[in-house]
Amino acid sequence: MKAAVLVSPGKISDRPLCIEEVPQPEPGAGQVLLRVLACGVCRTDLHIVEGELPSLRSPLIPGHQIAGEIIGGATAELSIGSRVGVSWIGGTDGACWYCRNNLENLCDSPTFTGYSVNGGYAEFAVARSDFVFPLPASLDPLHAAPLLCAGIIGFRSLRVAGVEPGERVGLFGFGASAHLAIEVLRAWRCEVYVATRGASHRKLAESLGAKWVGSETEKPPVELDRAITFAPSGDVVISALASLRKGGVVAINAIHLDRMPEFDYDRLLWGERQIRSVANMTRVDARDFLKLAADIHLRPKVTTFALDQANEALAAIKGDAIDGAAVIIP
Ligand SMILES: [Zn+2]
Ligand SMILES: [Zn+2]
C-alpha cells in the first residue's frame, strides 16, 4: 500500500515524510482492518514529524483522525463495510488507577494512533476494535475525519473549562479545533469571543457567530467566564488568563507549549482563577461528541490534500494557512 512514512523527524520545510510503498497491515486479535477513506491532519502530527514530541517508533506512519471502512476483523457490532472513526487514543491498558477511575485519557500505558502505533496517512490501517467509533450516517468521511481529534478534544476542552450554557467563552487561536468548538458553544447559546492571528481566521470566526473577534494581542471587551487556548504559545495562555473574571477557568488545548512565561500571581491567578491542561480524550468524550455533532449538523470546513502532499498539508498547518481543517484523502 501507499503510505507517508517518517523515518527521522525534521523541519517540515525539509519534507521529512517519504511517500512510499509499504506492506499492507494485517489485523491482529481484537483489531479491525480499515480502508482509510480520509485522515485529518492535526497540529500534533506536526509536533511528531518535527520532533517536538520525542520519537516513539521508527519508521512511523502518522495520522490519528481516521475515517475508514471496515474490510477485515469484523465483529458483531462492527460489520464489514461499516464506517468508523479512529482517534488519538488507540488503546489503554484498562488496568491502571486512571483507567479504573473513569480517567482513561490519563492512562499510564496508552497507545497513541499515528505516534506509538502506525496511523492513517496510508491507504490501509489497523485499529483496536474497542477503540473505533461508528460514524453518524449523516457525516461523509471527509467531514467526519476532522471531528475525530480536533472535534473531540475541542469538546473535551469545553468540559475541562466547565462551560455552562449561556456563558461568555473566549477562544484564543482559531484553527481546526476552535472552528468546531464555536459551533458547539453556539448550540449551547454561549457568547463567544475569538482572539486569533490572521484576517481569514477572524473572518471565519465572524461567519460562525462569534460575538467579538480580535487579533491575538487584543483583549475581549468583557470579562470571560471560561477561555480555551489552542495556540502552542504560553503568551496566549497568559492573555487568556488576563481576560477572566474571578473564578474563571483557562483550559489549554495544546499538547506542546513553547514555554510558560512568568506571570503576576496577585493580578492574574488570585481570585480562584484556574489554569488547566487538556490531555487526550476518553471514549465517552468521543461518543458524546459524535452524537452531538450529528444532532447539531456540525460540518467542518475542510481543505483536502492527496497522500502525496502530506508534507505540504503539515506545512500549511504550521503556517496557519488553512481555514478550518486539513484532510488527507489517500
Ligand atoms: Zn490505564
Ligand atoms: Zn490531534
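Above this note sits the structure.
Residues numbered from 1 in each chain as written. Chains lettered and ligands numbered in written order. Predicted model: local features only at pLDDT ≥ 70, side-chain atom pairs only at ≥ 80, totals over all residues. Heavy atoms only, no water.

Undergrad: I'm lost on the coordination of the zinc ion (ligand 2) in this one. Help?
TA: By definition of the ideal shapes, a tetrahedral metal site with four donors has angles of 109.5 degrees and an octahedral site with six donors has angles of 90 or 180 degrees. In this structure, C42 (SG), H64 (NE2) and C149 (SG) serve as the protein donors to the zinc ion (ligand 2), at separations of 2.0 to 2.2 Å. Positions of the donor residues of the zinc ion (ligand 2), expressed as sequence spacing, correspond to C-x21-H-x84-C. One end of the pair, C42, is in the loop between β3 (31–41) and α1 (43–49); the other, H64, is in the loop between α1 and β4 (66–72), and 22 residues separate them in sequence. Residue C42 is classed as buried on the basis of its relative accessible area of 13%. Given a relative accessible area of 0%, H64 falls into the buried group. (Donors = N, O, S within 2.8 Å, 3.2 Å for Na, K, Ca; no water. Helix = DSSP H or I, 4+ residues; strand = E, 2+ residues; numbered from the N terminus. Buried < 20%, exposed > 50% of the residue type's maximum accessible area, 1.4 Å probe, protein only.)

Undergrad: So what exactly am I meant to see when it comes to helix α4 (residues 150–161) here?
TA: Think of an α-helix as 3.6 residues a turn; residues three or four steps apart then line up on the same face. Here α4 contains 12 residues, and its C-alpha end-to-end distance of 16 Å stays within 8% of the 16 Å for a straight helix at 1.5 Å per residue. Taking burial as the measure, the 12 residues of α4 include 11 buried ones, the bulk of the element. Restricting attention to buried positions, one finds in α4 the residues A150, G151, I152, I153, G154, F155, R156, S157, L158, V160 and A161. Against the buried residues of α4 lie α5 (178–187), β13 (224–229), β14 (244–252), β15 (274–277) and α9 (283–295). Within two residues after α4, G162 carries a phi angle of roughly 75 degrees, on the positive side. (Expected span 1.5 Å × (residues − 1). Contact = heavy atoms within 4.5 Å.)

Undergrad: Mind showing me how you'd approach the layout of surface pockets here?
TA: Summary: where empty space remains is shown by rolling a probe the size of a single water molecule over the atoms. The volume enclosed by the largest pocket comes to roughly 1000 Å³. Breaking the lining of the largest pocket down by element, the ones donating at least two residues are α1, α4 and α10 (310–318). Tallying contributions element by element places α1 first for the lining of the largest pocket, with 4 residues. For the lining of the largest pocket, the residue count by class is 22 nonpolar, 15 polar and 8 charged. (1 Å grid on protein atoms, 1.4 Å probe; cavity = no way out; pocket = protein on both sides within 12 Å on 5 of 7 lines; lining within 4 Å. Points joined across faces, edges and corners; volume = space filled by probe spheres on them. Nonpolar A, V, L, I, M, F, W, Y, C, P; charged D, E, K, R; others polar.)

Undergrad: So what exactly am I meant to see when it comes to the pattern of salt bridges here?
TA: Two side chains that carry opposite charge are able to pair once their charged atoms sit near each other. All chains considered together, the criterion is met by 19 salt bridges. For the salt bridge of D320 with R43, the shortest nitrogen-to-oxygen distance reads 3.4 Å. One end of the pair, D320, is in the loop between α10 and β17 (325–329); the other, R43, is in helix α1, and 277 residues separate them in sequence. According to the relative accessible area criterion, D320 is partly exposed, its value standing at 26%. Residue classification places R43 among the partly exposed residues on the basis of a relative accessible area of 26%. Salt bridges here are not isolated pairs; linked through shared partners, they connect R156, R159, D285 and D288. (Salt bridge = Lys/Arg side-chain N within 4 Å of Asp/Glu carboxyl O.)

Undergrad: Just checking my understanding: could you explain empty space enclosed by the protein for this structure?
TA: Applying the stated rule across the entire model yields 1 cavity of 30 Å³ or more. As a volume, the largest cavity reaches approximately 60 Å³. Residue lining of the largest cavity: L6, V7, P9, I48, L53, P54, S55, L56, R57, S58, L60 and Y115, and that is the complete set. Of the residues belonging to the lining of the largest cavity, the class tally is 9 nonpolar, 2 polar and 1 charged.

Undergrad: Looking at this structure, I do not really get the coordination of the zinc ion (ligand 1). What am I missing?
TA: Within the protein, the zinc ion (ligand 1) binds to D93 (OD), C96 (SG), C99 (SG) and C107 (SG); these donor distances fall in the range 2.0 to 2.3 Å. Classification of the site at the zinc ion (ligand 1) as tetrahedral follows from its 4 donor atoms and the range of 96 to 118 degrees in their angles at the metal. In the primary sequence, the donor residues of the zinc ion (ligand 1) line up as D-x2-C-x2-C-x7-C. Looking at C107, the relative accessible area reads 7%, which means it is buried. (Tetrahedral: all angles 85-135°; square planar, octahedral: opposite > 155°, others 65-115°.)

Undergrad: Can you help me understand the packing of α4 against α9 in this one?
TA: Packed helices, taken two at a time, are described by the angle their axes make and the gap between the axes. Remark: α4 packs on α9, axes separated minimally by 9 Å, with the N-to-C direction vectors making an angle of 100 degrees. One element, α4, and the other, α9, form an angle in the roughly perpendicular class. Facing α4, whose interface residues are G151, I152, F155, R156 and R159, α9 presents V284, D285, A286, D288, F289 and L292. Across the contact of α4 with α9, the residue classes tally to 6 nonpolar, 1 polar and 4 charged. (Axes fitted to C-alpha atoms, helices over the stretch in contact; angles between N-to-C directions. Parallel < 35°, antiparallel > 145°, perpendicular 65-115°, else oblique.)

Undergrad: Which parts of the structure should I look at to understand unusual backbone geometry?
TA: Peptide bonds are mostly trans, and most non-glycine residues show a negative phi. Following S58, the chain continues into P59 via a peptide bond in cis, with omega recorded as 0 degrees. The phi dihedral of E272 is positive, around 60 degrees, even though this residue is not glycine. On the secondary structure map, E272 appears in the loop between α8 (265–269) and β15. Residue classification places E272 among the exposed residues on the basis of a relative accessible area of 68%. The backbone of H297 sits at a positive phi, close to 55 degrees, despite the residue not being glycine. With respect to the element layout, H297 can be found in the loop between α9 and β16 (302–306). With relative accessibility at 67%, the residue H297 sits in the exposed group.

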